[in-house]
Amino acid sequence: MTTPALLPSFKSRVVPVVALSDAKQAVPLARALLAGGIDVIEITLRHPCALDAIKAVADEVPEMALGAGTLLQAADVDKVMRAGARFGLSPGHTPELLDAVIAQGLPFVPGVMTPSEVMYARDRGFRLLKLFPAAQAGGQQMLKALASPIPDVRFCPTGGVSEDNFTTLLAERNVAMVGGSWLAPLADVEAGRWDLITRLAQRATDKMAAASSAVA
């Protein structure tokens, strides 16, 4: 059985989830996040400009670990790979979507919400899963509940994750990273407030470092 491809390496455990309204926003946003210590981004397929935005970052900011989000169907896999995405994420998954990412070799984080979905994705070879929507799925308590019966799976909770709670989620033993939109508010992106976004990214980076030091 062919196994899923591994994600590219990156340092940040916070993944900004971004919905852009103009592809021209992508490169300055990626650079603003990098300046604040965030070296990974998820550009979602929620706007017609998304593929152009992904291509722009792939071409001009190669040091960014570039993910494409909201992959909903098998046809999306080829599109985001052609645009230059290095990995993909989805709010859920279907057998056809998993078949496509495995066949085409796209590193992928499938979305799950229930233990049965976790077990199915695990059987297909995926060990990093996106708990979505995390808050509605039970958040930290759901992660704790899944840790004992399914100890070899790790999660990226997304949905309801904020600056106030992300370090608490990252402290769970089965959480590899979190996804959140607070790092790149659409109003600030559209206004070109890149310095503010860098400050948000730096604050998240500092909080991650402080939390890691406290555990050590």
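Residues numbered from 1 in each chain as written. Predicted model: local features only at pLDDT ≥ 70, side-chain atom pairs only at ≥ 80, totals over all residues. Heavy atoms only, no water.

J.: I tried to follow the layout of surface pockets on my own but got confused; where do I start?
T.: To find the voids left in a structure, one rolls a probe of water-molecule size over its atoms. The calculated volume of the largest pocket comes to roughly 160 Å³. The class makeup of the residues in the lining of the largest pocket is seven nonpolar, two polar and one charged. (1 Å grid on protein atoms, 1.4 Å probe; cavity = no way out; pocket = protein on both sides within 12 Å on 5 of 7 lines; lining within 4 Å. Points joined across faces, edges and corners; volume = space filled by probe spheres on them. Nonpolar A, V, L, I, M, F, W, Y, C, P; charged D, E, K, R; others polar.)

J.: So what exactly am I meant to see when it comes to the nonpolar core here?
T.: Burial of nonpolar side chains together is a common tendency in soluble globular proteins. Counting residues in hydrophobic clusters, the biggest one holds 73 residues, and the most contacted among them are Leu29, Leu33, Phe155 and Phe166. Here this core takes six residues from helix H1 (residues 26-35), the largest share from any one element. Here Phe166 is in contact with Val14, Val161, Val178, Trp182, Ala204, Lys207 and Met208, once residues within four sequence places are set aside. (Core = buried A, V, L, I, M, F, W, Y, C linked by side-chain atoms within 4.5 Å. Buried < 20%, exposed > 50% of the residue type's maximum accessible area, 1.4 Å probe, protein only. Helix = DSSP H or I, 4+ residues; strand = E, 2+ residues; numbered from the N terminus. Contact = heavy atoms within 4.5 Å.)

J.: Would you mind going over the side chain of Arg124 with me for this structure?
T.: Turning to its location among the elements, Arg124 is positioned in the loop between helix H5 (115-123) and strand E7 (128-131). Note on Arg124: relative accessible area 16%, which makes it buried. Of note is the side chain of Arg124, whose polar atom sits 2.6 Å from the side chain of Asp99. (Polar contact = N/O pair within 3.5 Å; in protein donor to acceptor, adjacent residues only side chain to side chain.)

J.: Honestly, the sheet that holds strand E3 (residues 65-69) in this entry has me stumped. Any pointers?
T.: What links the strands of a sheet is backbone hydrogen bonding, and the strands pair in either a parallel or an antiparallel sense. Spatially, the six strands line up as an open sheet ordered E5-E4-E3-E2-E1-E9, and their pairing is parallel. Strands at the two margins of the open sheet, each flanked by one partner only, are strand E5 (108-109) and strand E9 (178-180). When strand E1 (residues 14-18) meets strand E2 (residues 40-44), the two strands line up parallel, connected through two bridges. In the strand pairing of E2, Val18 is matched with Ile43. (Pairing = 2+ DSSP bridges.)

J.: Looking at this structure, I do not really get the sheet that holds strand E6 (residues 111-112). What am I missing?
T.: A sheet is described by the order of its strands in space; here three strands give the open sequence E6-E7-E8, paired in parallel fashion. The open sheet has two free edges, formed respectively by E6 and strand E8 (154-155), since each of these has just one partner strand. Pairing geometry for E6 and E7, over two bridges, is parallel. Bridging from a neighbouring strand, Val112 pairs with Leu131 of E7.

J.: Hey, could you run me through helix H7 (residues 139-147) in this one?
T.: Working note: α-helix, 3.6 residues per turn, so residues spaced by three or four point in the same direction. Listing the buried residues of H7 in full gives Gly139, Met142, Leu143, Leu146 and Ala147. For H7, the buried positions fall inside an angular range of 140° around the axis, keeping them on one side. The inward-facing, buried residues of H7 contact H5, E7, helix H6 (134-137), E8 and helix H8 (166-170). (Arc of directions from axis to C-beta.)

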